[in-house]
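Remarks on the overall topology
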Amino acid sequence: MGYQLKKSEVQPVGLAETNYQAENSSSEDYIEESWEIEEALNSRDDLAKDPEDSATVDVPVLRRAAMDFLARREHSYQELLHKLQRKFPETPEAMLTDVMDALAEENLQSDERFTESWVRYRQSRGFGFHHIRSDLKERGISDSLMEKYLFSDDDCWTETAVTLINKRLAESEQVEFGSSLHMKLQRYLESRGFGSKEIRRAIDPRLTTH
């Protein structure tokens, strides 16, 4: 069947439109690049509270900060709210949620676009169904949205697991059943969110009882 990602029915506008068009016109390389750039920025204490952040901020300041995050990549509602809370810890939560609600209403922030992008990105990085689903739940994505873009019976999970095993073993290398290497490979795939079916299909062709 292969991985068939459905197109989002949400039509982005404004700043988010730039993200969406670039993502869909530049192949999956853009998706990976945008997430990795954002992670690098975070590693430089991008979320650290600036001196002026401690002062009372108004809606335009909050909105501008949120738009800066969205310019880098899509964010879930919950994820973006948490970032704003960390950046502006003295700001009343009601003010933050008002800004977030306005962005969502204007379709500048979209859980649907985020889910679509996240599933594609994490699968391209070699993660399985269970790992991706757990990530989405942590970011406040609803079950209905996950079911729209994430499919447990997709052949892509087996294909990805096989690719990961092939990268860890030489082309004709065999693994003794029950050996420490066999157990290590199983744990590796489990840690990346693959189920028992995908793990067996990826490892069994490499097993030997001799």
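Preceding block: the structure.
Everything numeric here is computed off the predicted structure, so don't read it as measured data. (Residues numbered from 1 in each chain as written. Predicted model: local features only at pLDDT ≥ 70, side-chain atom pairs only at ≥ 80, totals over all residues. Heavy atoms only, no water.)

Structural notes on the overall build of the chain
Helices and strands together make up the secondary structure of the chain, namely 11 helices and 2 strands. Its helices and strands in sequence order give the chain the pattern α-α-α-α-α-α-α-α-α-β-α-α-β, from N to C terminus. For the chain, the proportion of its 210 residues judged to be buried stands at 45%. Sequence-distant contacts, at least 24 apart, represent 72% of the contacts inside the chain between residues at least 6 apart. Total accessible area on the chain is roughly 11,200 Å²; 47% of this is exposed by carbon and sulfur atoms. (Helix = DSSP H or I, 4+ residues; strand = E, 2+ residues; numbered from the N terminus. Buried < 20%, exposed > 50% of the residue type's maximum accessible area, 1.4 Å probe, protein only. Contact = heavy atoms within 4.5 Å. Areas by Shrake-Rupley, 256 points an atom, 1.4 Å probe, with all protein chains shown as cover.)

Structural notes on the nonpolar core
I132, L136 and L189 are the most contacted members of the largest nonpolar core, which totals 27 residues. Listing elements by their share of this core, those giving two or more residues are α6 (111-124), α7 (129-138), α8 (143-149), α9 (156-168), α10 (180-191) and α11 (196-203). Here this core gets 5 residues from one element, more than from any other, and that element is α9. If sequence neighbours within four positions are ignored, I132 has contacts with W118, V119, R122, Q123, F127, L150 and W157. (Core = buried A, V, L, I, M, F, W, Y, C linked by side-chain atoms within 4.5 Å.)

Digging into helix α5 (residues 93-105)
The α-helix winds at 3.6 residues per turn, so residues separated by three or four positions along the chain end up facing the same way. Counted at 1.5 Å a residue, the expected span for α5 with its 13 residues is 18 Å, and the 18 Å between its end C-alpha atoms agrees. Those residues of α5 that fall on the buried side of the exposure criterion are L96, T97, V99, M100 and L103. In an axial view of α5, the angular spread of the buried residues amounts to 155°, which keeps them on one side of the axis. More than 90 degrees from the buried face of α5, the exposed residues found are D98 and E105. Buried positions along α5 lie against α3 (59-72) and α4 (77-87). (Expected span 1.5 Å × (residues − 1). Arc of directions from axis to C-beta.)

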